[in-house]
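Letter by letter, the chains look like this.
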Amino acid sequence: EFNGSFYQPSAFLMMGIPGLEALHHWISIPFCALYLIALLGNCMILFIIKKTQSLHEPMYYFLSMLAVTDLGLVLCTLPTTLGIFWFNMRRIGFDACLTQMYFIHILSFIESSVLLAMAFDRFIAISHPLRHSSILTKTTVIKIGLAIILRGMVSLLPIPFLLKRLTYCGKTELSHSFCFHPDIMNLACADIKVNVFYGMIILLSTVGMDFIFIVLSYILIIKTVISLATKEECLKALNTCVSHICAVLVFFIPMIGLSMIHRFGKNVPPLVNTLVAYTYLIIPPALNPIIYSIKSSHIREALLRALCRK
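- In the nomenclature of an unreviewed UniProt entry, the protein corresponds to Olfactory receptor from the organism Aramus guarauna.
- Quoted verbatim from the Sequence similarities (unreviewed entry) field of the UniProt record, the comment on the protein reads "Belongs to the G-protein coupled receptor 1 family."

Right, here's the structure in full:
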């Protein structure tokens, strides 16, 4: 007992995959493969877009933002995840944990906003194809990118300070191999209503609103596509959205699942919680480059040209 006195642990203990600790070295193999695919795939996307003049368009500028965000998410979680699997390094300092948590959440919010910007780009491209380049100029895209970053940084800035003001009960074991706001918050023995309320408001006003606007964008896109003259034109227009729809589903489904588990899933087995968390943070960065490489003929052709030159 701490008799109401302020207590803050010097470090937290991170968790690998519960119940499978003896197999961590083997489990690290698919994780290494996913991290490698994410790093190489997103770097390839950035390289191809930078080197190919024909890809200097709004759609590919937003795709570059998505690739940078995915790289950031990978680099945030890779050291602690592989540190546990390879060396059983479970300890992370309190301030280091808050820093990792802040950047993970910022990058998640940025990815959500970039996906919304990409939905807006697809809507303009399909609804107003002749005005697309004049509406989404390079300057406009840069301003959208800066606004996305600023929104993520400012909205999440209070979170580390709200966690630092709490008194902790001596429990230091986290549920994941990375630091997550609800996970840290639940270790406190103080009143966490402010943290819960602020976290929920920020989540709904950022990621929640992004998802709603993405859905509205696709409703408008479908209305526009239905009005097109021929079936071939409809399919061609919708085909430009397939990769983005896949990226939206890959990102939002596990994110919503993880948020629901942390807030309402008290009886969910720890293994399910852990697998959903890894799916949320590792699968999208690994799959997004593959999705866009398969579905975008322009990126495929640019990649083949680069490989032929090599």
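Some details on the pattern of salt bridges
- Tallied over the full model, the rule gives 4 salt bridges.
- Glu173 is paired through a salt bridge with Arg90; the nearest N and O atoms lie 2.6 Å apart. Note that Glu173 is positioned in the loop between helix H6 (158-164) and helix H7 (181-185) and Arg90 in the loop between helix H2 (58-87) and strand E2 (91-93), a separation of 83 residues in sequence.
- Assessed through its relative accessible area of 40%, Glu173 is described here as partly exposed.

Description of the nonpolar core
- In terms of nonpolar packing, the biggest core is built from 87 residues, with Phe12, Leu63, Leu115, Leu163, Tyr168 and Ile184 touching the most fellow members.
- With 19 residues, the top contributor of residues to this core is helix H3 (residues 94-127).
- Dropping the residues within four chain positions of it, Leu63 is found in contact with Ile45, Ile49, Met118, Tyr292 and Ile299.

With respect to H2
- When the terminal C-alpha atoms of H2 are compared, their 43 Å separation across 30 residues agrees well with the 44 Å that a helix rising 1.5 Å per residue should span.
- Where H2 bends most, at Leu78, the angle is about 40°, and the proline Pro79 comes one to four residues later.
- By the criterion of burial, H2 is predominantly enclosed, with 23 of the 30 residues buried.
- One or two residues past the end of H2 sits Asn88, with phi positive at roughly 55°.

Some details on the UniProt feature "transmembrane region" (unreviewed entry) in the protein
- This chain's UniProt record puts "transmembrane region" (unreviewed entry) on residues 23-49, 61-87, 99-120, 141-163, 196-221, 242-263 and 275-294.
- Taken end to end, residues 196-221 is 100% helix and 0% strand, and its first and last C-alpha atoms sit 36 Å apart.
- The annotated region residues 242-263 carries 100% helix and 0% strand content, and the separation between its end C-alpha atoms amounts to 32 Å.

So, the state of the cysteines
- For the structure on display, the rule yields 1 disulfide.
- Each disulfide pairs two cysteine sulfurs, and for Cys97 the partner residue is Cys179, the sulfurs being separated by 1.9 Å. In this structure, the disulfide formed by Cys97 and Cys179 twists by about -120° around the S-S bond and is classed as left-handed. Taken as a pair, Cys97 in helix H3 and Cys179 in the loop between H6 and H7 lie far apart in primary sequence, 82 residues in all.
- Accessibility expressed as a relative area gives 0% for Cys179, which makes it buried.

Remarks on the packing of aromatic side chains
- Within the structure shown, the criterion is met by 12 aromatic pairs.
- A ring pair is formed by Phe12 and Tyr168, whose centres lie 6.1 Å apart and whose planes are at 70°; its orientation type is edge-to-face. Taken together, the residues span a long stretch of sequence, with Phe12 in strand E1 (residues 11-13) and Tyr168 in the loop between H6 and H7 at a distance of 156 residues. Tyr168 carries the same exposure label as Phe12, and that label is buried.
- Centroid distance Phe251 to Phe252: 5.0 Å. Interplanar angle 85°. Geometry classified as edge-to-face.
- An aromatic cluster is defined as three or more aromatic residues linked by ring pairs; in this entry it consists of Phe211, Phe251, Phe252 and Tyr280.

Quick notes on the packing of H3 against helix H10 (residues 242-264)
- One can describe the packing of H3 onto H10 by two numbers: an axis separation of 11 Å at closest approach and a directional angle of 150°. One element, H3, and the other, H10, form an angle in the roughly antiparallel class. Remark: the crossing between H3 and H10 carries left-handed chirality. Taken together, the residues of H10 that come into contact with H3 (itself represented by Ser108, Phe109, Glu111, Ser112, Leu115, Met118 and Ala119) are His244, Ala247, Val248, Phe251, Phe252 and Met255.

Some words on unusual backbone geometry
- In this model, Asn88 sits at a positive phi of 55°, which is unusual for a non-glycine residue.
- Turning to its location among the elements, Asn88 is positioned in the loop between H2 and E2.

Rules and cut-offs
Residues numbered from 1 in each chain as written. Predicted model: local features only at pLDDT ≥ 70, side-chain atom pairs only at ≥ 80, totals over all residues. Heavy atoms only, no water. UniProt positions renumbered as here; feature names shortened; annotations may be inferred. Salt bridge = Lys/Arg side-chain N within 4 Å of Asp/Glu carboxyl O. Helix = DSSP H or I, 4+ residues; strand = E, 2+ residues; numbered from the N terminus. Buried < 20%, exposed > 50% of the residue type's maximum accessible area, 1.4 Å probe, protein only. Core = buried A, V, L, I, M, F, W, Y, C linked by side-chain atoms within 4.5 Å. Contact = heavy atoms within 4.5 Å. Expected span 1.5 Å × (residues − 1). Bend = angle between axes of the 7 residues up to and from the residue. Disulfide = S-S within 2.5 Å. Phe/Tyr/Trp six-rings, centres within 6.5 Å; stacked < 30°, edge-to-face > 60°. Axes fitted to C-alpha atoms, helices over the stretch in contact; angles between N-to-C directions. Parallel < 35°, antiparallel > 145°, perpendicular 65-115°, else oblique. Left-handed = near helix turned anticlockwise from the far one by under 90°.

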